[in-house]
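Observations on the model geometry
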Amino acid sequence: SQLTDVTLKSYGKNKDELIQRALMDNDFMKHLEHGQILTIMDCMHPTSLTKGCCVIQEGDDGSTVYVLEEGMVEVTKQGKKLCTIGPAKVFGELAILYNCTRTATVTALTDIKLWAIDRQGFQTIMMRTGLIKHSQY
Ligand code: CMP
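None of the values given here were measured: they were computed from a predicted structure. (Residues numbered from 1 in each chain as written. Predicted model: local features only at pLDDT ≥ 70, side-chain atom pairs only at ≥ 80, totals over all residues. Heavy atoms only, no water.)

We now examine the overall build of the protein. Along the protein, the regular secondary structure elements total 4 helices and 8 strands. Overall, the protein shows an N-to-C arrangement of helices and strands of α-α-β-β-β-β-β-β-α-β-β-α. Counting across all 137 residues of the protein, residues that qualify as buried make up 35%. Across the protein, the fraction of contacts at a sequence separation of at least 24, relative to all contacts at a separation of at least 6, is 74%. Working note: accessible area of the protein is about 8,400 Å², and carbon and sulfur atoms make up 54% of it. (Helix = DSSP H or I, 4+ residues; strand = E, 2+ residues; numbered from the N terminus. Buried < 20%, exposed > 50% of the residue type's maximum accessible area, 1.4 Å probe, protein only. Contact = heavy atoms within 4.5 Å. Areas by Shrake-Rupley, 256 points an atom, 1.4 Å probe, with all protein chains shown as cover.)

As structure tokens, then:
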């Protein structure tokens, strides 16, 4: 129906704007090429968790990069509070970018909505353009 079309279109647009804003705001990702940003936006899938849930556990192997769409999360390290993160922010990028274990614990302070991309998808996007770049020189 027309209503469904309109709803889907605006949802898609909001998703892209939110994810793009989050990537541009992140020190490690703001220098990505436009094509990489578009591919990341394309590959992200929605997920949600309820208040109190642990999204990321310090020390675990990381497998997902997140963009927070709605709600608040808290970042702690060895039990000490580092900060809270609100909508349109990236988190969970460090373990994937640096191939290390999770550097902190991230807990949902409210019910949250997230966009997620897995390690393999994320690294493929990074590597693909890295290889293309490399072959140009
Ligand atoms: P990662 O190490 O994959 O998982 C935990 C995440 O918490 C980390 O990626 C960052 O996104 C985030 N994080 C870690 N340390 C800080 C900090 N000092 N301030 C804000 N966010 C942090």
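The discussion continues.
What follows concerns the sheet that holds strand β7 (residues 105-108). On the basis of which strands lie adjacent, the open sheet formed by 4 strands has the order β2-β7-β4-β5 and antiparallel pairing. Two strands lie at the open edges of the sheet, namely β2 (54-56) and β5 (80-85), each paired on one side alone. Geometrically, the sheet is characterised by an average inter-axis angle of 30° between neighbouring strands, direction not taken into account. Summarising the sheet, β2 and β7 pair through 2 bridges and their orientation is antiparallel. Residue pairing across strands places I56 opposite V106, the latter belonging to β7. (Pairing = 2+ DSSP bridges. Axes fitted to C-alpha atoms, helices over the stretch in contact; angles between N-to-C directions.)

Below, the discussion takes up the site of the ligand. As a matter of local geometry, the ligand sits amid 13 residues, with G92, E93, A95, R102 and T103 nearest to it. L94 has a polar backbone atom sitting 3.4 Å from an oxygen atom of the ligand. Contact between the ligand and T103: an oxygen atom at 2.7 Å from a side-chain N or O atom of the residue. In isolation the ligand offers 460 Å² of accessible surface; the protein chains occlude 77% of this area. Sorting the residues of the shell around the ligand by element identifies β5 and α3 (94-97) as the ones contributing at least two each. Of the residues in the shell around the ligand, the class split is 9 nonpolar, 2 polar and 2 charged. (Near = heavy atom within 4 Å. Polar contact = N/O pair within 3.5 Å; in protein donor to acceptor, adjacent residues only side chain to side chain. Nonpolar A, V, L, I, M, F, W, Y, C, P; charged D, E, K, R; others polar.)

Membership of the largest hydrophobic core comes to 20 residues, with the highest contact counts inside it found for I40 and V67. By residue number, the principal contributor to this core is helix α1 (residues 2-24), which donates 4 residues. Counting 14 residues, the second-largest nonpolar core is a separate cluster that includes I85, A104, L114 and A116. (Core = buried A, V, L, I, M, F, W, Y, C linked by side-chain atoms within 4.5 Å.)

Moving on: the environment of I56. By the element assignment, I56 lies in strand β2. Once the C-alpha coordinates of I56 and V75 are considered, the two residues, 19 residues apart in sequence, prove to be 9.2 Å apart. Here I56 is in contact with Y66, F91, G92, R102, A104, T105 and V106, once residues within four sequence places are set aside.

What follows covers helix α2 (residues 34-43). Residues of α2 that are buried: Q36, I37, I40 and M41. One side of α2 carries all its buried residues, which in axial view fall inside an arc of 135°. (Arc of directions from axis to C-beta.)

Interpretation in functional terms is not warranted from these geometric data alone.
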